[in-house]
Structure formats: structure tokens, C-alpha cells
Amino acid sequence: MAVNTILMDFSVKSSKLQNDQQEELVTKVLENYFPQLFKVHSRSIEDGGYIVLYTAHRGSFITARSFPQGLLTINIEYYKNESDEELISFKCITMLEKELAAQFGKVTSNKFPPLRRGGVSRYFPTSDERILEYDIDALVFEEMSPFQKVQIVHSRTLGNMLILDGLQNLSDRDLIYTETLMQRGKEDYEGKEIVILGGGDGALLYELLKENPKMVLMFELDEVVIRACREHMRECCGDALDKMKGANYEIIVGDCMQSLEVMIKEGRKFDYVFGDLTDAPVTPTPQDETWDFIKLIISTSVKILKPHGKYMTHCCGVACTGAAKMFEEQLLSLNENLEWSTATAFIPSFLEDWLFYQVWRKDPAN
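Anyway, here's the lowdown on the structure attached to this text. (Residues numbered from 1 in each chain as written. Predicted model: local features only at pLDDT ≥ 70, side-chain atom pairs only at ≥ 80, totals over all residues. Heavy atoms only, no water.)

Counting through the fold element by element, valine 40 comes out in strand S2 (residues 38-44). Separated by 197 residues in sequence, valine 40 and cysteine 237 place their C-alpha atoms 55 Å apart. Not counting chain neighbours up to four residues away, the residues in contact with valine 40 comprise Leu53, Tyr54 and Thr55. (Helix = DSSP H or I, 4+ residues; strand = E, 2+ residues; numbered from the N terminus. Contact = heavy atoms within 4.5 Å.)

It is worth spelling out helix H9 (residues 289-301) at this point. Between its terminal C-alpha atoms H9 stretches 18 Å, which fits the 18 Å expected from 13 residues at 1.5 Å a residue. Looking at H9, one finds that the buried residues are Trp291, Ile294, Ile297, Ile298, Ser299, Thr300 and Ser301. In this structure, the buried residues of H9 make contact with strand S14 (193-198), helix H8 (256-266), strand S18 (270-276), strand S19 (305-317) and helix H10 (321-333). (Expected span 1.5 Å × (residues − 1). Buried < 20%, exposed > 50% of the residue type's maximum accessible area, 1.4 Å probe, protein only.)

With respect to topology, 4 strands assemble into an open sheet ordered S10-S11-S12-S13, the strand pairing being antiparallel. Edge positions in the sheet fall to strand S10 (136-144) and strand S13 (167-171), since each of these pairs with one other strand and no more. Adjacent strand axes in the sheet meet at a mean angle of 25°, parallel and antiparallel pairs treated alike. Contacting S10, strand S11 (149-155) and strand S12 (159-164), helix H6 (residues 223-232) crosses the sheet at an angle of about 145° to S10. (Pairing = 2+ DSSP bridges. Axes fitted to C-alpha atoms, helices over the stretch in contact; angles between N-to-C directions.)

With mixed pairing, 8 strands are arranged side by side in an open sheet as S16-S17-S15-S14-S18-S19-S21-S20. On the outer flanks of this sheet lie strand S16 (245-246) and strand S20 (338-347), each paired with one strand and no other. Pairing geometry for S20 and strand S21 (residues 352-361), over 10 bridges, is antiparallel. Paired with phenylalanine 346 across the bridge in S21 is aspartate 353. Contacting S14, strand S15 (215-220) and S18, H8 runs over the sheet at an angle of about 140° to S15.

What follows covers the packing of aromatic side chains. Per the counting criterion, the structure on display carries 8 aromatic pairs. Seen in terms of ring centroids, tyrosine 177 and phenylalanine 350 are 5.8 Å apart; in terms of plane orientation they differ by 75°. Their pairing is edge-to-face. Of this pair, tyrosine 177 sits in helix H4 (residues 175-182) while phenylalanine 350 sits in the loop between S20 and S21, placing them 173 residues apart in sequence. Considered together, tyrosine 177 and phenylalanine 350 belong to a single accessibility category, that of buried residues. Feature note: the residues Tyr177, Phe350, Trp354 and Phe356 constitute an aromatic cluster, connected by ring pairs. Here the basic side chain of arginine 65 rests over the ring of phenylalanine 67, its NZ or CZ set 4.0 Å away from the ring centre. One residue, lysine 310, lies across the ring of tryptophan 360, its end atom 5.2 Å from the ring centre. (Phe/Tyr/Trp six-rings, centres within 6.5 Å; stacked < 30°, edge-to-face > 60°. Lys NZ or Arg CZ within 6 Å of the ring centre and 35° of its normal.)

As a further point, take the pattern of salt bridges. Per the stated rule, a full pass over the model turns up 23 salt bridges. The shortest N-O distance in the salt bridge between aspartate 242 and arginine 234 comes to 2.9 Å. You can call aspartate 242 partly exposed: its relative accessible area is 41%. We classify arginine 234 as partly exposed; its relative accessible area is 37%. For arginine 361, the salt bridge is made with glutamate 336, and the minimal N-O distance between the two is 3.3 Å. Here arginine 361 is found in strand S21, whereas its partner glutamate 336 is found in the loop between H10 and S20, with 25 residues between them in sequence. (Salt bridge = Lys/Arg side-chain N within 4 Å of Asp/Glu carboxyl O.)

What follows is the structure, encoded as C-alpha cells:
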């Protein structure tokens, strides 16, 4: 069940829209496609153009708005149950578009399939704030934790997908995300000591344990994420979240910064630290709380690395070149004599290429 919104726009000569007859022509065209069309209100706009409000069959609501700069928009809204037919098919929308365009002569026009609003959201943003629509058909889990809104939804093509505060995080089809983060086949984890900061979905822990490490410590703040993924994201986490402690791993629920500070005081060192926390923010400057947090995490993490240890993390979408540049500027600002390499992978549930970093201290001998 959702409110469907169909958007259409026409770029025309402004003189065409100033013709008083155009409003009536638009109404006549709409009458051919919407039974029971009724003009509720019509008025001229102070700075030019007009707006007309209509109702039609099945409680639909239509607005036509002309702008003096040469733009006409048509917005169509109606409520649709799962069993209902579309108010107007995409084929008919195409015919409507052509007929309206013919009224204005040479025009440029656009039309969009229905946007579905209400119920389970189907729309999530890319890293550079474009809108993606997913084939989500069910809300599997939803709970507001003390830290964030945790949801798991089901997609017909991606399986179950973890959503945190309205942002997609991981789906059943995203093994490539975890494998690129850990650089599987390029890094040797056998017999190594590893820290995971975050990683509450359990996917990284599950894949690392396949590599026969000596010990993996995972620090996750949000118990709700662990509980939700343990039950509903088993294609990603397997049985890794079933027990909080095993022969070569332990899951600690709490603030990872407190644990890092304790390990620094104790002089503990690790071969790998994974920053599986927040992504790099897309902001014009690094003066942001999230940037401050990322910088703090990296600076603290490198303090517990062995001489040839590595800090591994995800960053942002490849399209966000500014965010990647600022991430590297943060690395340089730490004065830790760091080097890094990068890797990219197309992530199915993100529908875009994602950037990953591998960071280490330079060898003093070189």
C-alpha cells in the first residue's frame, strides 16, 4: 500500500505558457486520461504562470503548474493497494506526454514511473545523493535502539538488507564488499591477531574466521544490530554471531574507544585493525563531527598496530572524489608517517563502486 506520485515536466517557450488558452488546453488533454476530472481551483501566480488543482477517479489528485521561465509540471498522486491496478499505465503516461507536448509545439519533456510513498521505503540514496529504487517487498525487522534506527528489509533481487538510520549497509548479495574490505587473497590472516571496530552485521567476523586467525576481537556498540543480523542476515554472518565468544574470537558490546584506550595502556599490539564503522562523510570541509570521529579512530588504531600491521577500512563511493581526498588529508595530518593503498569494488546493494583503504606505517629502513 502506498501513495503513488507520477511526475512530468515540459520545457517550452515561455510565450506559449503566457497564452490564456493554454490552461484550458491542458485540462482538455487530461480529461482524455482521467475519468471524473474536476477542476477544484485555478489561479494566476503573482510572479507569472498559473496553478490548477484537479481531482479525478479513485480519489486521485493532479496539479498543473506553469512557470514564466518556460516550464510546465504535471504531478499526479493516487493511493494504490497491492491488488489495485495502476491509475494510469506507463504506456498511457507516454501517450499523455506526447499529446501535451503537441499542444506546445517543440518542447523537451520528461516523465517518471510512479514514486511509491508510504509503508516500507523503497528509496535510498547513493553516496553522492542520487535516489535509488529497490524492489523491496517486506519489512523483516525494525527497532529503534539507543543509538540508531535498525531495519532489515527484503529485496527480491538482493535478499535481506540491513538499513541503519535510513542508509543501506549490507545485503545478502554483498560478499564482494567484505572480501574487498579484507583484501581476501592479498592479505594472510592465518595465525594473526585482529581487531574489528564495529562490524555488528557479523559478515567480516564470519569471513575472517574462515582464514584461521589466532584471535579476533570485535567491538560493536549496538546490541540491536547484532541481534537483528544474528536472526535475519545469516547469509552474511553465518553462525559467527550465535555465541559471543569462541576458541579464537570474542564479541564485546560497548564503546570501542574505551577498549582501544585500555589496549594502548596495556601495550597490546595487533596485526590488523578493521575500521568497520561509519563511512567518510560527503561534506565540503573536514570540520565535521564525523570527520573528527574518523580521525580519532584512525589515530588511536595505529597505536595498537604491530610494526608491519595494517589498518583496513571502507571509505565512500568512488564518485565522491572530494570525500576521498579529505580522507587522505586526515591520514597525512596524523603525523604518523603513514602510507596507503586503495581498492574498489562494485557493491550490489549500493549500485555503485565503493572505495576501500589499506593503511600502514612506512618502513623506517626505506
